[in-house]
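Below are the chains, spelled out letter by letter.
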Amino acid sequence: MDTINILNCDIAKVKMTEVTAMVEDYVKVGSFHSGNGVNADQLVKINESQVFKEIMQKSDILFADGMSLILASKLLGTPLPERIGATDLFENLLSLSVEKGYGVFFLGTTDEILEKSIDHYRSTYKGLKISGFHNGYWQPHEEDSIVEKINACSPDLLFLGISSPKKEEFIEQNKHKLMSVSFSLGVGGAFDIHAGEHDRAPAWMQKLFLEWFYRLLQEPKRLFWRYTVNNTKFLYLLSKGLLKVN
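This section reports on the structure supplied with the text.

Observations concerning the packing of aromatic side chains
The description of two aromatic rings rests on the distance between their centres and on the angle between their planes.
Step number 1: Overall, the coordinates contain nine aromatic pairs when judged by the stated rule.
Step number 2: Taken together, a centroid distance of 6.0 Å and an interplanar angle of 70° make the contact between Phe90 and Phe191 edge-to-face. Of this pair, Phe90 sits in helix α5 (residues 86–100) while Phe191 sits in helix α9 (residues 190–194), and the two are 101 residues apart along the sequence. Of the two residues, Phe90 and Phe191, both sit in the buried class.
Step number 3: With a relative accessible area of 1%, Phe191 lands in the buried category.
Step number 4: The rings of Phe90, Phe106, Tyr121, Phe159 and Phe191 are connected pair by pair, giving a single aromatic cluster.

Examining the environment of Lys116
Step number 1: Mapped onto the secondary structure, Lys116 falls in helix α6 (residues 111–124).
Step number 2: A residue is classified by how much of its surface remains accessible, and Lys116, at 36% relative accessible area, is partly exposed.
Step number 3: As for Lys116 and Gln218, which are separated by 102 residues in sequence, their C-alpha atoms are 19 Å apart.
Step number 4: Within the local environment of Lys116, its side chain forms a polar contact with the side chain of Glu197, the two groups lying 3.3 Å apart.

A few points about the pattern of salt bridges
Step number 1: On inspection of all chains with the given rule, the structure shows eleven salt bridges.
Step number 2: A salt bridge links Lys233 to Glu48, with the nearest nitrogen and oxygen atoms 2.9 Å apart. In this pair, Lys233 sits in helix α12 (residues 220–245) while Glu48 sits in helix α2 (residues 40–48), placing the two residues 185 residues apart along the sequence.
Step number 3: The exposure class assigned to Lys233 is partly exposed, which follows from its relative accessible area of 29%.
Step number 4: Residue Glu48 is classed as exposed on the basis of its relative accessible area, which comes to 51%.
Step number 5: Glu99 is the salt-bridge partner of Lys100, the closest N and O atoms lying 3.9 Å from each other.
Step number 6: By relative accessible area, Glu99 is classed as exposed at 58%.

A closer look at the packing of α2 against α12
Step number 1: Orientation of α2 relative to α12, taken along the N-to-C sense of each, is 65°, at an axis distance of 9 Å. In the packing of α2 onto α12, the handedness of the crossing is left-handed. Along its contact with α2, which presents Ala40, Asp41, Leu43, Val44, Lys45, Asn47 and Glu48, the element α12 presents Arg226, Asn230, Asn231, Lys233, Phe234 and Leu237.
Step number 2: Of the residues belonging to the contact of α2 with α12, the class tally is five nonpolar, three polar and five charged.

Structural notes on the sheet that holds strand β3 (residues 34–38)
Two strands in a sheet stick together by hydrogen bonds in their backbones, pointing the same way (parallel) or opposite ways (antiparallel).
Step number 1: Judged by pairing direction, the sheet is parallel, and its six strands sit side by side in the order β4-β3-β8-β7-β5-β6 without closing on themselves. Strands at the two margins of the open sheet, each flanked by one partner only, are β4 (61–64) and β6 (129–134). Ignoring which end each strand starts from, the neighbouring axes of this sheet average 20° apart.
Step number 2: As paired elements, strand β7 (residues 157–161) and strand β8 (residues 183–186) share four bridges and run parallel to each other. Within the sheet, the bridge partner assigned to Leu157 lies in β8 and is Phe183.

Considerations on α6
Three- or four-residue spacings in an α-helix give side chains the same orientation, since the helix completes a turn every 3.6 residues.
Step number 1: The terminal C-alpha atoms of α6 lie 20 Å apart, and with 14 residues this matches the ideal 20 Å at 1.5 Å per residue to within 8%.
Step number 2: Every buried residue of α6 is accounted for by Ile113, Leu114, Ser117, Ile118 and Tyr121. End-on view of α6: buried residues confined to an arc of 135°, all on one side of the axis.
Step number 3: Looking at the buried residues of α6, the elements they touch are α5, β5 (103–108), β6 and α9.

Cut-offs applied
- Residues numbered from 1 in each chain as written.
- Predicted model: local features only at pLDDT ≥ 70, side-chain atom pairs only at ≥ 80, totals over all residues.
- Heavy atoms only, no water.
- Phe/Tyr/Trp six-rings, centres within 6.5 Å; stacked < 30°, edge-to-face > 60°.
- Helix = DSSP H or I, 4+ residues; strand = E, 2+ residues; numbered from the N terminus.
- Buried < 20%, exposed > 50% of the residue type's maximum accessible area, 1.4 Å probe, protein only.
- Polar contact = N/O pair within 3.5 Å; in protein donor to acceptor, adjacent residues only side chain to side chain.
- Salt bridge = Lys/Arg side-chain N within 4 Å of Asp/Glu carboxyl O.
- Axes fitted to C-alpha atoms, helices over the stretch in contact; angles between N-to-C directions.
- Left-handed = near helix turned anticlockwise from the far one by under 90°.
- Contact = heavy atoms within 4.5 Å.
- Nonpolar A, V, L, I, M, F, W, Y, C, P; charged D, E, K, R; others polar.
- Pairing = 2+ DSSP bridges.
- Expected span 1.5 Å × (residues − 1).
- Arc of directions from axis to C-beta.

Now the structure itself:
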C-alpha cells in the first residue's frame, strides 16, 4: 500500500472503494487489523506526542479524514486521491456487513445515544448482525471486562465511537487479546449523528472546508479548543512544511 507523508504522518494513498475491499480481505484472513482516519486535530497530536505518533503509525490503514489534509497534500505537492470520511467508511462497512453476514460490535458514547443509534442501524441496514455493544465510559480497571465482552460476542468488525487518544490507546493495548475481530475502525461522532443528536455538515460546506465550523456551532464548549487552537497549530505546521518544500 502506497503512503504519502503529510507533516510527519504516513497517510495511505487510497480511495474509499479500495479501503472497503481491503477490509473484506482482512476478514477473509481472519487476523486483527485496524484503521484510523487522520484529521487536522490528530495530525497536531501526532506532531506533539511521539507516543501517539507511534501508536497511530501501527494502524494498518491511516486515511485522510478531513479536507484540511487533502488541501495540505496538494499544497505540498503530494496530492492524496480523495478524502475518506470515517462516517462514510463506517456506513459502507455496515452495508458490506449485511451483504457478507459479518458480525459487528459498537463501542462508545453513552448508553442512551448508543441505543438510539442501534435502532437506526437496525432499521436502515436490514439483516445487520449486531454481535454486541457497550458504552464508551469505563474505568481503567474495567477494561479487561470490556475485552472479555467483545470476545464473548465474537464480532468480525469493531467500531469505536470514542475520542482520541483513548480509542487508539485501547486498540494498541488490547489488539492481541481481541480474538475474533478482523478490523477495528474509529468512527468519530458517527453514533451521535445516527442517533439524531447532531447533524453532518451539508455537502457544500464540506467541499468548502467548513465542516469544522458547522460542528463547532453544534458543540462549541467541547470543540472550541480543537477547532480554534489546534487548527491554528495545524496551519503553523503546514506553513513550516511549505517552507521546506520551497
